[in-house]
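Below are the chains, spelled out letter by letter.
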Amino acid sequence: MVRELAEAGVFGVAVPEDQGGLGMGLAAGGVIAEEVGRVIAPEPVVSTIGLSLGLLRRLCPDHPKMAQLIGGEISLAVAWQERGPDGAPADATCRYADGKLTGGKAWVVGAIGSHGFLVVAEQDDGPVLVLAEADAQGLVIDKRTQADGSSLGELSFSGTPAAELASSGAVLTALAEAVADATALAAAELVGLSERAFEITLDYIKTREQFDKPIGSFQVIQHRAVDLNVMCEVAQAGVREALAQMDSETDPKVRAPIASRAKARAVTAAKKITRDAIQLHGAVGYTDEFDIGLYLNRALVLSAWLGDDAYHRRIWFETREAEGAAQ
Amino acid sequence: MTDWNAMTDAEFRKEVRQFFEAEYPEELRHLPHRPKFAEIEHWHRKLHAKGWVAPAWPAEFGGMGLNAAKLLIFYEEQQRWGVNRGRDMGVQMVGPLIIKFGTQEQKDYWLPRILTCEDIWCQGYSEPGAGSDLANLRTRADIDGDDFVINGQKIWTTMAHDATHIFMLVRTDPEAPKKQQGISFVLAPMDQPGVEVRTITTLSGETEFCEVFFDDARTPRENLVGELNKGWTMAKALLSFERIFIGSPSLAQNALGQLESFARGRGAFDDPVFRDRFAQAALDVEDHAALYARFADQLKRGETLGADVSMLKIWVTECFQRITELMIEAAGPDGGSIGPLQVGNINVDVLASFYKARPTTIYGGSNEIQRNILSKAVLGLPG
Ligand SMILES: Cc1cc2nc3c(=O)[nH]c(=O)nc-3n(C[C@H](O)[C@H](O)[C@H](O)COP(=O)(O)OP(=O)(O)OC[C@H]3O[C@@H](n4cnc5c(N)ncnc54)[C@H](O)[C@@H]3O)c2cc1C
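Rules behind the numbers
Chains are numbered independently. Their residues run from 1 in the order of the written sequence. As they are written, the chains are lettered A onward and the ligands numbered 1 onward, keeping that order. A pLDDT threshold of at least 70 governs which residues receive local features in this predicted model, and a stricter bar of 80 or more applies before side-chain atom pairs are shown or counted, although totals over entire chains, interfaces and linings include all residues. Only hydrogens and water are set aside; all other atoms, that is, all heavy atoms of the structure, feed into the side-chain values. Domain extents, as shown, originate in an automatic or database domain assignment. We call two residues in contact whenever any of their non-hydrogen atoms come within 4.5 Å of each other. We define buried area as the total accessible area lost by two parts upon association, computed with a 1.4 Å probe and summed across both. Here, a salt bridge means any Lys or Arg side-chain nitrogen found within 4 Å of an Asp or Glu carboxyl oxygen. Each helix corresponds to a stretch of at least 4 residues labelled H or I by DSSP, and each strand to a stretch of at least 2 residues labelled E; elements are numbered beginning at the N terminus. Burial status follows relative accessibility: with a 1.4 Å probe on protein chains alone, a residue under 20% of its type maximum counts as buried, one over 50% as exposed, and anything between as partly exposed. Polar contacts here mean pairs of N or O atoms no more than 3.5 Å apart (in protein, one a potential hydrogen donor and the other a potential acceptor; neighbouring residues in sequence count only if both atoms are side-chain atoms). Any two strands between which DSSP finds at least two bridges are classified as paired. UniProt positions are given in the numbering used here, feature names are shortened, and annotations may be inferred rather than shown by experiment.

**Student:** How do you make sense of the domain arrangement of chain B when you look at a structure like this?
**Tutor:** Many authors give the size of an interface as the accessible area that is lost as the parts come together. Residue and element names in this part refer to chain B. Partitioning chain B into structural domains gives domain 1 (4–86), domain 2 (121–229) and domain 3 (242–378). The C-alpha centroid of domain 3 is placed 22 Å from the C-alpha centroid of domain 1. In this complex, domain 1 contributes 12 residues to the contact, which on the side of domain 3 involves 11 residues. Between domain 1 and domain 3, a total of about 980 Å² is buried, with carbon and sulfur atoms accounting for 64% of that surface. Where domain 1 meets domain 3, there are zero salt bridges.

Put into structure tokens, the structure is as follows:
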């Protein structure tokens, strides 16, 4: 499926044309992400468009891996977060010196099956982006299975050889931008997922009969369905608007809270819709026989990835306050 | 005669904004109550002189002839500046009905009087037994020679105590097989012995609406608008534009602005829980505006809106209520106090906003009724 997506130009959608992409921007990426969400495809579409290509196109657009990523020949997982001793996210300490990595990275999406890792690490004079091959020496990948059956990688490096791609402050700026892109695209994926979960539920309540009537004829059920529908429409309108705004905005300080707005909305909607969907299905919704549960499981994973709704509301608020204070 | 529709949206918006900002009296901005005509008469004269009393009416009847897109801009600017809608039931409700269904004589007689506010109208639809189930109405109008004789009671009639005329739905055929049939739309003068108006005080202590009793009140038969017994379908035909208007983001946006300055002044943002709820409300308003823009674009492309537009009203009114509830929370021990609270150099009447938000989920088709409509007309649910 990855090759088919690549042939359709999916991975290069937000890469400028002079770098071998389609140059259609994030809004178009969002339309693709919505489709991916609708079919809960396990493909690394958003992480490739947003993270790996997002980093490479900003830092080293001439790198040969760009074309391979766009062509769907390889996937590269991006590793930048670290886990502290208490298990919570912590400051980065993973080191890069003399061409070798030492330390660890956590919450790496697409780690299993990836051809290599784009690792953001520290070296003596600041941050650096390096590429470690998947089979590099001294690289151990631990996997944590997620609710939807996918896994997150926990990487540990002990003198693992890696090639430097870029260094200096630009790395962190590009990382922040790529994370913002991926955050907004994940929001779009959640919108598609929510829509489809709602449609499945709507079909179900029209056909399931109890008390000699479709359960969708009961007013309580109808009003809940309407609320989910409204939530879906608001989320779609809000997220699409946010993605379009990100395309017309270049200042990273402005783009970041827009991405947060999108993710906050999409997570709030997806959580509510997928959980109510289970309730409206009754016991069959609690089995793994029926697709609806897959939507709940995928929503759990996409919600936790790159920050949930409460997290993004906080970021959104704090950025707004900082800007207000700056003015 | 200016062809407003020929202007670009931006030009038109600028023109409207400039007029409101230059001419609208500062002390009438964001009025917390519905004014009597005398209070806003001066402003109404200015609006009339400008020819802007009836933005939606065709120019031939003295309106601005705005298309849907321009109309939306006009109302957005009106709400943005806190311009009171005035006593606009004549303009918004009777006028369009007369224009659409009235005779030439009715148009010639009533329309100019609506524009000048020589006649001030109130809406007599609801009755004690006919709220959401409006078709259940029982007030009768019986033909007696050249007149209708009206008996019964209307209720919740906004500003009836400051109106000269009432437009009403009345039962003209009690034998009709369905209750939606046998209803007619008639106009009646208020100043007559058979009409008695009693004001009802609202929760906030205002007298905004009334009960109106009809005891052998009379109105000439020529005051029937449209065909006899066809009032129900006519009244329904009018609702389509109102449904996006009533779902516009401005009420919630204005309240959010108030909430923010008030909460900041009161130090409520020091509390992370409050911050999160504020952020939720603010994002609810922002994303609603995105959905509103989608429907507005539909209008601008000349499409008619479907029943799904009702979701705007559901969302924005409930959001408006949450915002005003947060204002009360931010007020802490002042949360039960009537009147303006001073914060820095602004005054915020927390309870006035709270009260104003309450009925928005009741009138204009209650939010439960809107959900009923959406579930059937949009989601296609049975029963
Ligand atoms: C401030 C204000 C101004 C008004 N001005 C006017 C005016 O000028 N002229 C005029 O004619 N009317 C006016 N109204 C009346 C308004 O139109 C009615 O209040 C409205 O139609 C609801 O009717 P009701 O109040 O009788 O409530 P009811 O219909 O009795 O409803 C009570 C509750 O039951 C719910 N309910 C009712 N039916 C259903 C159902 N089928 N399914 C689920 N829930 C249901 C409602 O949603 C509501 O929550 C005004 C109302 C207010 C609050």
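After that view of the structure, there is still more to cover.
**Student:** Just to check I follow, could you spell out the side chain of A:Glu189 for this structure?
**Tutor:** All names here are of chain A. Residue position: Glu189 is located in helix α5 (residues 169–207). Classification of Glu189 as buried rests on a relative accessible area of 3%. Within the structure, Glu189 has its side chain in polar contact with the side chain of Arg298 (distance 2.9 Å).

**Student:** Honestly, the pairing of strand β6 (residues 195–201) of chain B in this entry has me stumped. Any pointers?
**Tutor:** Sheet faces and side chains relate simply in a regular strand, where the side chains alternate between the two faces. Residues and elements named next belong to chain B. Of the strand pairs in this sheet, β6 and strand β7 (residues 207–220) are connected by seven bridges, and their pairing is antiparallel. Counted as the bridge partner of Val197 is Val212 from β7. Counted along the chain from β6 to the antiparallel partner β7, the turn is five residues long, and its residue Gly205 has a positive phi close to 90°.

**Student:** Even after reading the chapter, I still don't get the UniProt feature "domain: Acyl-CoA dehydrogenase/oxidase N-terminal" (unreviewed entry) in chain B, so can you show me in this structure?
**Tutor:** UniProt's feature table lists "domain: Acyl-CoA dehydrogenase/oxidase N-terminal" (unreviewed entry) at residues 10–117 of chain B, given in the numbering used throughout. Spanning residues 10–117 of chain B, this segment combines 62% helix with 0% strand, and its end C-alpha atoms are found 31 Å apart.

**Student:** I would appreciate a short explanation of the interface of chain A and chain B in the present structure.
**Tutor:** Taken together, the contact between chain A and chain B spans 31 residues of the former and 32 residues of the latter. Between chain A and chain B, a total of about 2800 Å² is buried, with carbon and sulfur atoms accounting for 61% of that surface. Linking chain A with chain B are nine salt bridges, by the criterion used here. The salt bridge partner of A:Glu321 is B:Arg264, with a shortest N-O separation of 2.8 Å. Taken together, the links from chain A to chain B amount to 16 residue pairs in polar contact (both at pLDDT 80 or more). At the level of secondary structure, the elements contributing two or more residues to the side of chain A that touches chain B comprise α5, α6 (219–247), α7 (252–281) and α9 (309–326) of chain A. With 15 residues, the top contributor of residues to the side of chain A that touches chain B is α6(A).

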